[in-house]
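Survey of secondary and tertiary structure
Each chain, letter by letter, is given below.
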Amino acid sequence: MEENYSKTDLVWLSKFYLAPNYNSYPVIVDWASGCKVWDVEGKEYIDMLSGYSALNFGHVHPKITRALLYQADKVAVCPRKFLSEELIFFAKELAEFCGMEMVLPSNGGAEAVETAIKLARKWAYTKKGVSKNRAKIITCENNFHGRTVTIVSFSSEPQYIDLFGPRTPGFKKIPFGDAGALRGAITSDTAAFLVEPIQGEGGIVIPPDGYLKECREICYENNVLLIVDEIQTGFGRTGKMFACDHENVKPDLYILGKALGGGVLPVSAVVGSRELLSVFVPGDHGSTFGGNPLACHVAREALNVLREERLAERVLETGEYFLRHLRKIKSPSIKEVRGRGLLIGIEVKFGGLDAHEYCKRLIEEGVLCSDTKRYVIRIAPPLIINKAEIDWALERIEKVLTT
Ligand SMILES: Cc1ncc(COP(=O)(O)O)c(C=O)c1O
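Residues numbered from 1 in each chain as written. Predicted model: local features only at pLDDT ≥ 70, side-chain atom pairs only at ≥ 80, totals over all residues. Heavy atoms only, no water.

- Looking at an unreviewed UniProt entry, the chain carries the name ornithine aminotransferase.
- Taken from UniProt, the Cofactor (unreviewed entry) comment for the chain reads in full: "pyridoxal 5'-phosphate".
- One UniProt comment on the chain, placed under Pathway (unreviewed entry), says "Amino-acid biosynthesis; L-proline biosynthesis; L-glutamate 5-semialdehyde from L-ornithine: step 1/1." (UniProt positions renumbered as here; feature names shortened; annotations may be inferred.)

Okay, structure coming up:
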């Protein structure tokens, strides 16, 4: 800890100097390893949030840290006016990993969502024959795709948009999980359907079986692009490499982020066919840091670790174990426990404590987690978690939910 600053001082300083756009719990992280985190007073926690799925590999994974240091010492940033071997091999390896042909790299998740929206619009005007400025993208109610002005323009959360208007036009919302609503919403101006396979920020909402497959067919039939935002669900989180894989669905575009950066850097990408990504010409889109050699080297190592450690397969087992034991907890406060793999939500009943308060109590017990929506406690540990660590967390979760 910085000399002469108590934890109370640090919390006060955080409120004084940081814009108040987060309601942070008073945990001041000092260091971390694997699934464990220690605060500045030496208190130990288990991480049940994993940086909103950015930390699929756990904290300070030795191979990823080594990759980061190696490349930082070689060359970190190279403008896209030049090429680097790292960028070229990253694109090749990620495209192959996804069973696709081309990659457009960027940094944060929202940036990749914006990229996909631009791609879909240009595709609609240049390939589908939609009249200029008329393209529509269908999205889902209760979605979360990031925080830029365009993205919050199609949010259904009033706080995200009400005082940030005017909204960007060109979007239409339909209920999530209702393939019939998609069919009904498509017109000749529809460029794409943008969807999360599981709504993470929306409260871990899992659509009915067969939903994505049916959406895939509807999009094919109507010459509409299927864009799947796997930023949170991708890279093993749900027990398959991509959540789409549970239904053998291949979208037209994957939007990827979070874990792609190995838990150490922001790395995102849009991945799709050559035909689709080739609608961009030089100057249409870009980013100073997108595809820099440091990010690309780390992301390549992240993909290697995913495969070598068979993380998706592991998650099928640990996720099932975690869910089964959570469902055994007998508590009058629990409304529902739902999840796929290690993306789990515990919905508590309306009228009692809300999820934020439960998370506060869980954090006091050493379980770092966060609420999503008002009544859902999100449980999403690093994918490397083992059964002993799950048991440690389960004991504390049961204590908090039953007392
Ligand atoms: C599904 C989904 N899309 C997009 C985003 C935005 O990513 P970022 O916060 O990196 O901009 C998130 C972040 O939580 C997400 O869960």
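Moving on from the coordinates now.
Things to note about the pairing of strand β7 (residues 190-195)
- Counting buried residues along β7, 6 of its 6 residues qualify, which places the element largely inside the surrounding structure.
- Two strands pair when backbone bridges link them, and strand β5 (residues 136-140) and β7 are joined in this way by 3 bridges, in the parallel orientation. Residue pairing for β7: lysine 136 is matched across the bridge by threonine 190.
- Since β7 and strand β8 (residues 225-229) lie parallel, the crossover through helix α9 (residues 211-221) that links them has a hand, and here it is right-handed. (Buried < 20%, exposed > 50% of the residue type's maximum accessible area, 1.4 Å probe, protein only. Helix = DSSP H or I, 4+ residues; strand = E, 2+ residues; numbered from the N terminus. Pairing = 2+ DSSP bridges. Right-handed = clockwise from strand over helix to strand, strands pointing away.)

Side note on the domain arrangement of the chain
- Once the domains are mapped, the chain shows domain 1 (7-57 + 310-402) and domain 2 (62-308).
- On a C-alpha basis, the centroid separation for the pair domain 1 and domain 2 is 26 Å.
- With 28 residues of domain 1 in contact, the opposing surface of domain 2 contributes 31 residues.
- Three residues, Phe57, Arg340 and Leu343, lead the burial of domain 1 against domain 2; their summed loss comes to 32% of the area buried on that side.
- At the surface where domain 1 touches domain 2, the tally comes to 3 salt bridges.
- The shortest N-O distance in the salt bridge between glutamate 201 and arginine 378 comes to 2.9 Å. (Domains from an automatic or database assignment. Contact = heavy atoms within 4.5 Å. Buried area = accessible area lost by both parts, 1.4 Å probe. Salt bridge = Lys/Arg side-chain N within 4 Å of Asp/Glu carboxyl O.)

Observations regarding the sheet that holds strand β14 (residues 370-372)
- Pairing is antiparallel across the open sheet formed by 4 strands, whose spatial order is β11-β12-β15-β14. A strand with exactly one partner marks an edge of an open sheet, and here the two such strands are β11 (334-340) and β14. Neighbouring strand axes in the sheet, compared pairwise and without regard to direction, differ in orientation by 30° on average.
- Note that strand β12 (residues 343-348) and strand β15 (residues 376-379) share 4 bridges and pair antiparallel. Within β15, the position partnered with glycine 345 by the bridge is arginine 378.
- In the packing of helix α13 (residues 355-364) onto the sheet, the strands contacted are β12, β14 and β15, and the crossing angle to β15 comes to about 45°.
- Packing of helix α14 (residues 387-402) onto the sheet brings it into contact with β11, β12 and β15, and relative to β12 it is tilted by some 15°. (Axes fitted to C-alpha atoms, helices over the stretch in contact; angles between N-to-C directions.)

Overview of the sheet that holds β5
- Spatial ordering of the open sheet is given by β4-β10-β9-β8-β7-β5-β6, a layout of 7 strands whose pairing is mixed. A single partner strand is all that each edge strand has here, and the edge strands are β4 (102-106) and β6 (171-174). Across this sheet, the average inter-strand angle for adjacent strands is 20°, counted without regard to direction.
- Packed on one face of the sheet, helix α5 (residues 109-128) meets β4, β5, β6, β7, β8, β9 (253-256) and β10 (268-272) and runs near 30° to β10.
- Here α9 sits on the sheet in contact with β5, β7 and β8, set at roughly 170° to β7.

Some words on the site of the ligand
- As a structural note, the neighbourhood of the ligand is formed by Gly108, Gly109, Ala110, Phe144, His145, Gly146, Glu196, Glu201, Asp229, Ile231, Gln232 and Lys258.
- One of the side-chain N or O atoms of glutamine 232 is found 2.8 Å from an oxygen atom in the ligand.
- Between an oxygen atom of the ligand and a side-chain N or O atom of lysine 258, the distance comes to 2.8 Å.
- Classifying every residue of the shell around the ligand by side-chain character gives 3 nonpolar, 5 polar and 4 charged. (Near = heavy atom within 4 Å. Polar contact = N/O pair within 3.5 Å; in protein donor to acceptor, adjacent residues only side chain to side chain. Nonpolar A, V, L, I, M, F, W, Y, C, P; charged D, E, K, R; others polar.)

A short note on the packing of helix α4 (residues 85-98) against helix α11 (residues 293-308)
- Packing of α4 against α11 brings their axes to within 8 Å, and their N-to-C directions diverge by 35°. Like other packed secondary-structure pairs, α4 and α11 cross with a definite hand, here left-handed. On α11, the residues touching Glu86, Leu87, Phe89, Phe90, Glu93, Leu94 and Phe97 of α4 are Pro293, Cys296, His297, Ala299, Arg300, Leu303, Leu306 and Arg307. (Left-handed = near helix turned anticlockwise from the far one by under 90°.)

Here we look at the layout of surface pockets
- One number sums up the size of the second largest pocket: a volume of about 760 Å³.
- Mapped by element, the contributors of at least two residues to the lining of the second largest pocket are α4, β4 and α5.
- The class makeup of the residues in the lining of the second largest pocket is 13 nonpolar, 8 polar and 6 charged. (1 Å grid on protein atoms, 1.4 Å probe; cavity = no way out; pocket = protein on both sides within 12 Å on 5 of 7 lines; lining within 4 Å. Points joined across faces, edges and corners; volume = space filled by probe spheres on them.)

Here we look at the pairing of β15
- Of the two faces of β15, the one lined by Val376 and Arg378 and the one lined by Ile377 and Ile379 are each fully buried.
- With 3 bridges connecting them, β14 and β15 associate as antiparallel partners. Pairing of threonine 372 across the sheet is with valine 376, part of β15.
- What sits between the antiparallel neighbours β14 and β15 is a turn of 3 residues, in which lysine 373 has the positive phi angle 60°.

A look at a nonpolar patch on the surface
- Residues Trp12, Phe16 and Tyr17 make up a contiguous nonpolar surface patch of roughly 450 Å² in combined accessible area.
- The residue tryptophan 12 is located in helix α1 (residues 7-17) in this model.
- With a relative accessible area of 53%, tryptophan 12 lands in the exposed category. (Patch = residues over 30% accessible without salt bridge, like charges linked within 9 Å, V, L, I, M, F, W, Y side chains within 5 Å. Areas by Shrake-Rupley, 256 points an atom, 1.4 Å probe, with all protein chains shown as cover.)

Describing the nonpolar core
- The biggest cluster of nonpolar side chains holds 68 residues, and the ones touching the most others in it are Leu94, Phe235, Leu260, Phe322, Ile377 and Ile397.
- If you tally residues by element for this core, the top one is α11, at 8 residues.
- The two domains that each donate at least three residues to this core are domain 1 (7-57 + 310-402) and domain 2 (62-308).
- Counting residues in hydrophobic clusters, the runner-up holds 29 residues, among them Ala116, Ile137, Ile231 and Ile255. (Core = buried A, V, L, I, M, F, W, Y, C linked by side-chain atoms within 4.5 Å.)

Observations regarding the pattern of salt bridges
- If you walk through the whole model with that rule in mind, you get 22 salt bridges.
- Among the ionic pairs, aspartate 284 bridges to lysine 122, the shortest N-O distance being 2.6 Å. Residue aspartate 284 is found in the loop between α10 (274-277) and α11, and its partner lysine 122 is found in helix α5; the two are separated by 162 residues along the sequence.
- In this structure, arginine 134 and aspartate 189 form a salt bridge, with 3.2 Å as the shortest nitrogen-oxygen distance. Taken together, the positions of arginine 134 in the loop between α5 and β5 and aspartate 189 in the loop between α8 (179-185) and β7 put the pair 55 residues apart, joining distant regions of the chain.
- With a relative accessible area of 15%, aspartate 189 lands in the buried category.
- The network of salt bridges with shared partners includes Lys335, Glu336, Arg338 and Glu347.

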